[in-house]
There are 2 protein chains.
Amino acid sequence: MRYELYYWPGIQGRGEYVRLALEDAGADYTDVARGARGMAAMMTMMEAKGTPPFAPPFLKAGKLVIGQTANILFYLGSRHGLAPKTEAGGLWVHQLQLTITDLVLEIHDTHHPLGPTLYYEDQRGPAKKRTEEFWNERVPKYLGYFERLLGDSGGSWLTGRRLTYVDLSLFQIVEGLRYAFPKRMKGFEWNIPGLIGLHDRVAARPNIKAYLTSDRRIAFNEDGIFRHYKELDA
Amino acid sequence: MRYELYYWPGIQGRGEYVRLALEDAGADYTDVARGARGMAAMMTMMEAKGTPPFAPPFLKAGKLVIGQTANILFYLGSRHGLAPKTEAGGLWVHQLQLTITDLVLEIHDTHHPLGPTLYYEDQRGPAKKRTEEFWNERVPKYLGYFERLLGDSGGSWLTGRRLTYVDLSLFQIVEGLRYAFPKRMKGFEWNIPGLIGLHDRVAARPNIKAYLTSDRRIAFNEDGIFRHYKELDA
């Protein structure tokens with residue numbers, strides 16, 4: 001079966017967590033909205049009856065249309081060996097992904113504290129304050145949590161000896177924070193040697209390595225979740 | 001089996017979506033942190049090895065410890081007839097709950113746009129702006145989406161003829177918005193007659209009705225997600 005991924009064509013955004021899972025699994029998929037008439041197809045799906053998603057990303061898998069990043073990964077994980085087979089293991093990995101979802105939204109809100117509908121340029125002052133709080137309080141809390149779990153896992157990956165989609169997502173978090181906040185991240189990385197090692201192991205996986213240098217990987221830019229604004233990286 | 005729910009004792013917060021599901025199902029549970037030494041027990045669980053949750057709420061179900069509100073509901077839904085039995089149905093209802101999760105965070109951010117670690121009093125200006133955006137753009141988008149789904153469902157509940165945990169959560173959204181923004185909500189409700197009807201049907205369910213008048217239901221207050229600040233309801 002060929003999956004159809006629907007997501008905004010110009011950014012990595014939340015779609016990237018799904019792309020990394022599909023790529024690592026070597027799954028067959030089309031990134032629909034990047035193709036001709038893809039955006040129109042995406043909009044039609046969102047206006048349909050039945051199970052229309054509230055927002056991208058969503059994945060068409062045969063007759064199923066699955067929305068919400070973590071929900072898509074939950075579905076893919078069980079089918080492509082990217083999650084434990086047991087109910088308890090599946091719930092635990094999903095729980096971790098939902099915690100990453102929360103972190104991703106807080107990253108987005110560093111440049112959009114007044115909401116997703118205003119431009120960054122209209123909220124630069126609040127963005128500076130929110131970013132300060134984010135790096136003082138939230139980054140240590142979130143990344144400290146994952147660093148602790150990795151240390152306790154007894155394996156190379158967050159939940160032990162087998163990679164899950166959560167490891168792929170943590171790779172993206174490290175990669176994105178390095179892009180958006182190079183100075184701050186440089187000063188912070190010594191706190192999370194485990195996660196940096198995990199990031200490097202993910203980057204070295206053959207399918208991921210091939211993906212990252214392909215044109216399927218969209219470059220980071222200032223329309224996505226991870227944005228580099230110099231004044232926020234002071 | 002008696003479930004153990006762990007959540008901050010003084011607020012409804014995110015724990016309330018779990019409480020409503022447990023109550024409607026007539027499940028046996030303890031609200032641990034509201035009891036003697038409950039907070040200490042909650043902290044111990046979060047510092048444990050194994051599968052420590054990042055944050056409350058979390059649910060102990062036998063040996064399982066499940067965190068993240070939507071993940072807990074996913075688990076309870078399949079066991080207590082609060083979600084469809086099929087994989088497709090279960091994923092769809094979970095997806096809707098994750099969309100409610102996003103809405104709940106946006107509601108929280110109306111009074112905390114600069115992040116969860118500062119006091120409301122330190123961000124009143126940005127809160128006013130974010131609240132304005134929230135009511136102009138986001139409430140119509142989110143509640144319009146659920147109103148549309150309800151209209152298309154062909155039943156009394158969001159996904160058709162059988163109630164799911166999503167209906168219980170939507171009850172709480174209406175209830176909370178009425179508490180936090182009575183004036184704004186009064187002006188908006190005519191847009192969502194279906195959801196108001198759904199709210200009333202949930203409130204009339206015997207187990208929910210009994211719960212809402214019991215002392216197990218914590219009153220809304222200005223430490224929770226839904227806070228009433230007059231200046232934000234102008």
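Residues numbered from 1 in each chain as written. Chains lettered and ligands numbered in written order. Predicted model: local features only at pLDDT ≥ 70, side-chain atom pairs only at ≥ 80, totals over all residues. Heavy atoms only, no water.

Novice: Would you explain the side chain of Thr164(B) in this entry?
Specialist: Residues and elements named next belong to chain B. Its location among the elements puts threonine 164 in the loop between α5 (124-153) and α6 (165-180). Classification of threonine 164 as buried rests on a relative accessible area of 2%. Excluding residues within four positions of it along the chain, threonine 164 makes contact with Leu82, Ala83, Pro84, Val93 and Thr159. (Helix = DSSP H or I, 4+ residues; strand = E, 2+ residues; numbered from the N terminus. Buried < 20%, exposed > 50% of the residue type's maximum accessible area, 1.4 Å probe, protein only. Contact = heavy atoms within 4.5 Å.)

Novice: So what exactly am I meant to see when it comes to the nonpolar core here?
Specialist: Across soluble globular proteins, you tend to see nonpolar side chains buried next to one another. Core analysis: the biggest nonpolar cluster contains 67 residues, and Tyr3(B), Tyr75(B), Leu143(B), Phe146(B), Ile173(B), Leu177(B) and Phe226(B) have the highest contact counts within it. Take this core: its biggest share by element is ten residues, from α5(B). Counting only domains with at least three residues in this core, you end up with domain 1 (3-79) and domain 2 (87-232) of chain B. Among the nonpolar cores identified, the runner-up in size contains 66 residues, and Ala61(A), Ile72(A), Val93(A) and Phe134(A) belong to it. (Core = buried A, V, L, I, M, F, W, Y, C linked by side-chain atoms within 4.5 Å. Domains from an automatic or database assignment.)

Novice: For this particular structure, what's the right way to read the packing of aromatic side chains?
Specialist: One pair of aromatic rings is described through two measures. These are the centre distance and the angle between the planes. On inspection of all chains with the given rule, the structure shows 21 aromatic pairs over all chains. Plain terms: the ring middles of Trp135(A) and Phe188(A) are 6.0 Å apart, the flat faces sit at 75 degrees to each other, and that makes the pair edge-to-face. Of this pair, Trp135(A) sits in helix α5 (residues 124-153) while Phe188(A) sits in helix α7 (residues 182-188), placing them 53 residues apart in sequence. Centroid distance Tyr145(A) to Phe54(B): 5.1 Å. Interplanar angle 70 degrees. Geometry classified as edge-to-face. With Tyr145(A) in helix α5 and Phe54(B) in the loop between α2 (38-47) and β3 (58-61), the pair connects residues from two separate chains. Taking relative accessible area as the criterion, Tyr145(A) reaches 5% and is therefore assigned buried. Each member of the aromatic cluster is reached from another via a ring pair, and the members are Phe54(A), Tyr142(B), Tyr145(B) and Phe146(B). Directly above the ring of Phe54(B) sits Lys141(A), whose terminal nitrogen or CZ lies 5.1 Å from the centroid. Geometry around Trp157(A) places Arg201(A) over its ring, the cationic atom sitting 5.6 Å from the centre. (Phe/Tyr/Trp six-rings, centres within 6.5 Å; stacked < 30°, edge-to-face > 60°. Lys NZ or Arg CZ within 6 Å of the ring centre and 35° of its normal.)

Novice: Hey, could you run me through the interface of chain A and chain B in this one?
Specialist: In this complex, chain A contributes 49 residues to the contact, which on the side of chain B involves 48 residues. Between chain A and chain B, roughly 4,200 Å² of surface is buried when both sides are summed, and carbon and sulfur atoms account for 60% of that area. Area buried by chain A at its contact with chain B is led by Phe54(A), Gln68(A) and Leu114(A), which between them contribute 17% of it. If you look at where chain A meets chain B, you find five salt bridges. (Buried area = accessible area lost by both parts, 1.4 Å probe. Salt bridge = Lys/Arg side-chain N within 4 Å of Asp/Glu carboxyl O.)

Novice: Mind showing me how you'd approach helix α3 (residues 69-79) of chain B here?
Specialist: At 3.6 residues per turn, the α-helix brings residues three or four places apart onto the same side. Residues and elements named next belong to chain B. Burial of α3 is extensive: nine of the eleven residues sit out of reach of the surface. Residues of α3 that are buried include every one of Thr69, Ala70, Asn71, Ile72, Leu73, Phe74, Tyr75, Leu76 and Gly77, and no others. Immediately downstream of α3, the backbone of glycine 81 shows phi near 65 degrees, a positive value.

Novice: Honestly, the relation of the copies chain A and chain B in this entry has me stumped. Any pointers?
Specialist: Superposition of the two copies of the chain requires a rotation about an axis and a shift along the axis. The two copies are related by a screw operation: chain A maps onto chain B through 180 degrees of rotation and 0.0 Å of translation along the axis, at an RMSD of 0.0 Å. On the angle and the small slide along the axis, the relation comes out as a two-fold axis. In terms of proximity to the rotation axis, the leading residue of chain A is Pro113(A), whose C-alpha is 2.6 Å off the axis. Of all interface residues in chain A, 98% are interface residues in chain B too; the two copies therefore contact each other through one and the same surface. (Least-squares fit on C-alpha atoms with pLDDT ≥ 70 in both.)

Novice: What am I meant to see in the packing of α3(B) against helix α4 (residues 87-111) of chain B here?
Specialist: For any two helices packed against each other, the geometry is given by the interaxial angle and the distance between the axes. Residues and elements named next belong to chain B. Two elements in contact, α3 and α4, have axes whose closest approach is 9 Å; the angle formed by their N-to-C orientations is 155 degrees. If you check the angle between α3 and α4, you find them roughly antiparallel. Crossing of α3 over α4 shows right-handed handedness. Here Ala70, Asn71, Leu73 and Phe74 of α3 lie close against α4, whose contacting residues are Gly90, His94, Gln97, Leu98 and Thr101. (Axes fitted to C-alpha atoms, helices over the stretch in contact; angles between N-to-C directions. Parallel < 35°, antiparallel > 145°, perpendicular 65-115°, else oblique. Left-handed = near helix turned anticlockwise from the far one by under 90°.)

Novice: Is there a simple way to think about unusual backbone geometry in this case?
Specialist: A negative phi holds for most residues other than glycine; trans holds for most peptide bonds. Residue and element names in this part refer to chain A. That bond from proline 56 to proline 57 is cis: its omega, 0 degrees, falls within 30 degrees of zero. Of note, proline 57 is situated in the loop between α2 (38-47) and β3 (58-61). A positive phi is found at glutamine 68, a non-glycine position, where the angle reads about 75 degrees. Mapped onto the elements, glutamine 68 comes out in the loop between β4 (64-67) and α3 (69-79).

Novice: Could you clarify how one ought to interpret the side chain of Arg184(B) in this entry?
Specialist: With respect to the helices, strands and loops of the structure, Arg184(B) is situated in helix α7 (residues 182-188). Sequence-distant contacts of Arg184(B), defined by excluding residues within four places in its chain, comprise Thr131(B), Glu132(B), Trp135(B), Leu232(B), Asp233(B) and Ala234(B).

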